[in-house]
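# An overview of the molecular structure
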Amino acid sequence: KTGIILRDLAEPRFFGAAANTTYLFHDEKYTELALTQFSIFTPEDEMKWGEIEPIQNVFNFTGADEIVNLAESVGAKVRGHNFLWETHLPPWINESLSAVEIDRALKHHITTIMQRYKGRIYAYDVVNEPISDTPNATFRQTIWTDKLGQESVAKALTYAREADPVPKLYINDYDIEGINAKSNSLYEVVKSLKKDGVPLDAIGFQSHITLGQVPSTMKENMQRFVDLDLDVAITELDINLRGPANETALAQQAKDYHSVVSTCMEIERCVSVTVWGISDDHSWIPDGEVLPWDANKNPKPAFFAIADAF
Ligand code: XIL
């Protein structure tokens, strides 16, 4: 017990975690950290298309409900994650659907979920990972762009706003933390969406970062999106050691966490910092020791660095 409560230190910003129902209420120490340290939660997988609408028009809200209920029980917010993505799709979303059918499916999916959680979800990652990793390609090629073209992004955002005008609508992506070809592509896309009047409130910077590689241009980059009248958030932060967890590595990891959280603190419209998991034993990156709590749920140097930065 450290006596340090990160969610309190983060105020008025939110400190968040990806929550996973495999461990929530099954792993006691994990659950205790979830209930005490965080003021915003993202369902790690429970709202992904394949889990929440595995069969067309058959919704399974069990996991998402569990996380929304948990959040409400501790006065925390929820980031819905996500609607338009190429991954975690159910088998029924496939190339045999016509453009009209897939468009209808998209609208129905977004509308059904947002209406169910009306008033209970603070923000949605409406569009996840839309930008290509290939320089100058701009949009990632997916079933969505194959069927609906680049318009798929504007469609998803528009359907979301129509379903519920209140939640903040995000585009969320990785490797866009610093100024680089990919964030430049995103920046141009966002400018053009704004110019066309497409509803968009914020950009999520996933921030899956390798040890020692926090981009030096992160603040400048996030600020240029804020200057387009958007909120920004760190949405999936983890720092991958890619090597042994010796004292030097853990100290560098702490430094990296400190630097990302401080960057958010320096930007008035940076609303939250979310870590992608809680403890190293339950991370999506099994051997990276990427999180602020170790496999025994003990706070690592990174934990104290986050406290310090808030
Ligand atoms: C990951 C989850 O953490 C895993 O449990 C799952 O198996 C795969 O997806 N970017 C995202 C997240 O937007 O949804 C991904 O989450 C990690 C990368």
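Residues numbered from 1 in each chain as written. Predicted model: local features only at pLDDT ≥ 70, side-chain atom pairs only at ≥ 80, totals over all residues.

### Re the site of the ligand
Around the ligand, the neighbouring residues are Glu44, Asp45, Asn128, Gln206, Glu236 and Trp284. Of the residues belonging to the shell around the ligand, the class tally is 1 nonpolar, 2 polar and 3 charged. (Near = placed C-beta within 6 Å. Nonpolar A, V, L, I, M, F, W, Y, C, P; charged D, E, K, R; others polar.)

### Side note on the nonpolar core
Formed by 86 residues in total, the largest nonpolar core has its most connected members in Phe41, Val126, Ala156, Leu157, Ala160 and Ile306. Apart from residues lying up to four places away in sequence, Ala156 is in contact with Phe83, Leu84, Leu106, Ile110, Val126 and Val127. (Core = buried A, V, L, I, M, F, W, Y, C linked by C-beta atoms within 7 Å. Buried ≥ 20, exposed ≤ 12 C-beta atoms within 10 Å, placed from the backbone. Contact = placed C-beta atoms within 7 Å.)

### With respect to helix H9 (residues 218-226)
Taken together, the buried positions of H9 are Met218, Asn221, Met222 and Phe225. Buried residues of H9 fall within an arc of 95° about the axis and therefore sit on the same side. On its buried side, H9 packs onto helix H8 (181-195), strand S6 (202-205), strand S8 (231-240), helix H10 (247-265) and strand S9 (270-275). (Helix = DSSP H or I, 4+ residues; strand = E, 2+ residues; numbered from the N terminus. Arc of directions from axis to C-beta.)

### Digging into the packing of H10 against helix H11 (residues 301-309)
Closest axis-to-axis distance for the H10/H11 pair is 8 Å, and the angle between their directions is 25°. Accordingly, the angle class assigned to the pair H10 and H11 is roughly parallel. Of the two possible hands of crossing, H10 and H11 adopt the one that is right-handed. On the side of H10, the interface is formed by Leu250, Ala251, Gln253, Ala254, Lys255, Tyr257, His258, Val261, Ser262 and Met265, while H11 contributes Pro301, Ala302, Phe304, Ala305, Ile306, Asp308 and Ala309. Considering only residue class, the contact of H10 with H11 consists of 12 nonpolar, 3 polar and 2 charged. (Axes fitted to C-alpha atoms, helices over the stretch in contact; angles between N-to-C directions. Parallel < 35°, antiparallel > 145°, perpendicular 65-115°, else oblique. Left-handed = near helix turned anticlockwise from the far one by under 90°.)

### A look at the confidence of the model for the protein
Across the protein, pLDDT averages 98, with 100% of residues at or above 70. Across the assembled chains, the prediction reports ipTM 0.99 with pTM 0.98. (pLDDT = per-residue confidence, 0-100.)

### Looking at the pairing of strand S5 (residues 168-173)
The buried fraction of S5 amounts to 5 of the 6 residues, a majority that puts the element mostly inside the structure. In this structure, strand S4 (residues 123-128) lies alongside S5, joined through 5 bridges in parallel fashion. Counterpart to Tyr124 in the pairing with S5 is Leu169. Two elements, S5 and S6, share 4 bridges in a ladder whose sense is parallel. Along S6, the bridge assignment pairs Tyr170 with Ala202. Between the parallel elements S5 and S6, the chain passes through H8 in a crossover that is right-handed. (Pairing = 2+ DSSP bridges. Right-handed = clockwise from strand over helix to strand, strands pointing away.)

### A short note on the environment of Asn221
Structurally, Asn221 can be placed in helix H9. Along the sequence, Asn221 and Phe15 sit 206 residues apart, while their C-alpha atoms lie 21 Å from each other. Residues within four places of Asn221 in sequence aside, it is in contact with Glu177, Gly178, Ile179 and Ser183.

### Here we look at the environment of Pro130
Mapped onto the fold, Pro130 is located in the loop between S4 and helix H6 (143-148). Its 24 C-beta neighbours within 10 Å are what place Pro130 among the buried residues. Measuring from C-alpha to C-alpha, the distance between Pro130 and Ile278 comes to 26 Å, with 148 residues separating the pair along the chain.

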